[in-house]
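Here are the chains, one letter per residue:
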Amino acid sequence: TTGISLPHPYYMADEDDERPFICSLPIDNGIMSCSDVPARREGGRACCLDKEDVVYRQSIGLSPEPLTNGSISVAGLCVNWNQYYTRCHTGSSNPHKGAINFDNIAYAWIVIFQVITLEGWVEIMYYVMDAHSFYNFIYFILLIIVSHAYTVSIKNVEGTHYID
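Note that the structure is a prediction, hence the values are computed from the model and not measured.

## Things to note about the overall build of the protein chain
- When you go through the protein chain residue by residue, the secondary structure sums to four helices and two strands.
- Reading the secondary structure of the protein chain in the N-to-C direction produces β-β-α-α-α-α.
- Across the 164 residues of the protein chain, 26% fall into the buried class.
- Of the contacts made within the protein chain by residues no fewer than 6 positions apart, 65% connect residues no fewer than 24 positions apart.
- Accessible surface for the protein chain amounts to roughly 11,600 Å². Of this, 60% is attributable to carbon and sulfur atoms.

## Digging into the packing of aromatic side chains
- Enumeration over the complete set of coordinates arrives at three aromatic pairs.
- A centroid spacing of 5.3 Å and a plane angle of 80° characterise the contact between Phe134 and Tyr135, whose relative ring orientation is edge-to-face.
- For Phe134, a relative accessible area of 41% translates into the label partly exposed.
- Between Tyr139 and Phe140 the ring centres are 5.2 Å apart and the planes differ by 80°, which places this aromatic pair in the edge-to-face class.
- Assessed through its relative accessible area of 41%, Tyr139 is described here as partly exposed.
- Clustering of aromatic rings is evident, with ring pairs tying together Phe134, Tyr135 and Phe137.

## With respect to the environment of Ser24
- Here Ser24 lies in the segment before strand S1 (41-42).
- Accessibility expressed as a relative area gives 5% for Ser24, which makes it buried.
- Between the alpha carbons of Ser24 and Asp130 there is a distance of 6.5 Å; along the sequence they are 106 residues apart.

## A closer look at a nonpolar patch on the surface
- Together, Ile31, Phe134, Tyr135, Phe137, Ile138, Ile141, Leu142, Ile145 and Val146 make up a nonpolar patch on the protein surface, roughly 840 Å² of accessible area in all.
- Topologically, Tyr135 is positioned in the loop between helix H3 (121-131) and helix H4 (137-158).

## Description of the UniProt feature "transmembrane region" (unreviewed entry) in the protein chain
- Here, the residues flagged by UniProt with the feature "transmembrane region" (unreviewed entry) are residues 106-128 and 134-152.
- From the first C-alpha to the last, residues 106-128 spans 17 Å; its make-up is 83% helix and 0% strand.
- The annotated region residues 134-152 carries 84% helix and 0% strand content, and the separation between its end C-alpha atoms amounts to 29 Å.

Cut-off values and rules
- Along each chain, numbering runs from 1 in the same order as the chain's sequence is written.
- Under the rules for a predicted model, residues below a pLDDT of 70 receive no local features and side-chain atom pairs below 80 are neither given nor counted, while totals for whole chains, interfaces and linings still include all residues.
- No hydrogens and no water enter the side-chain calculation; it runs on all heavy atoms of the structure.
- Helix and strand assignments follow DSSP, with helices taken as H or I runs no shorter than four residues and strands as E runs no shorter than two, numbered in order from the N terminus.
- Using a 1.4 Å probe on the protein chains alone, a residue whose accessible area is under 20% of its type maximum counts as buried, one over 50% counts as exposed, and one in between counts as partly exposed.
- Any two residues having at least one pair of non-hydrogen atoms within 4.5 Å are treated as being in contact.
- Residue-level accessible areas treat just the shown protein chains as cover; the underlying method is Shrake-Rupley with a 1.4 Å probe.
- Pairs were defined over the aromatic rings of Phe, Tyr and Trp, the Trp ring being its six-membered one, requiring ring centres within 6.5 Å. Orientation was assigned from the angle between planes: stacked under 30 degrees, edge-to-face over 60, tilted for the rest.
- Residues enter patches when they are more than 30% accessible in relative terms and free of salt bridges; like-charged ones are connected within 9 Å and nonpolar ones (Val, Leu, Ile, Met, Phe, Trp, Tyr) within 5 Å.
- Every case where a carboxyl oxygen of Asp or Glu lies within 4 Å of a side-chain nitrogen of Lys or Arg is listed as a salt bridge.
- UniProt positions are given in the numbering used here, feature names are shortened, and annotations may be inferred rather than shown by experiment.

Put into structure tokens, the structure is as follows:
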């Protein structure tokens, strides 16, 4: 063993919570899989080194990554730790600080209400498609059509006036 471990048990995007990486298990047939984890980036450039480079650099007494001292910015001379995230499993948080999820009936109803109001529904649909299946778009389209048809029919009933 090299004594080198990954910083997190699963891949976590460096950005804020607005664009989480959601992958699917092989049995779920989602759009994103663990092999789609993007390369680590430093200074706007994709990293190209691997852990063998770290082991070699440590064996000759150098710092593990060439850019740790910040003296020279060389394109791609940093370790792409993201290439070692190969297992998909449930993370500890849900998108948008935990507000977007189907973990229990209360949150599911909130998400369904958000989809029905058309507020951010496409992003929610993409999250579900990434994690579960491409064909989940059918559920979202039908949910919107049925809910809006129901809303229009209620509005038409309310607007009907009868003359005696």
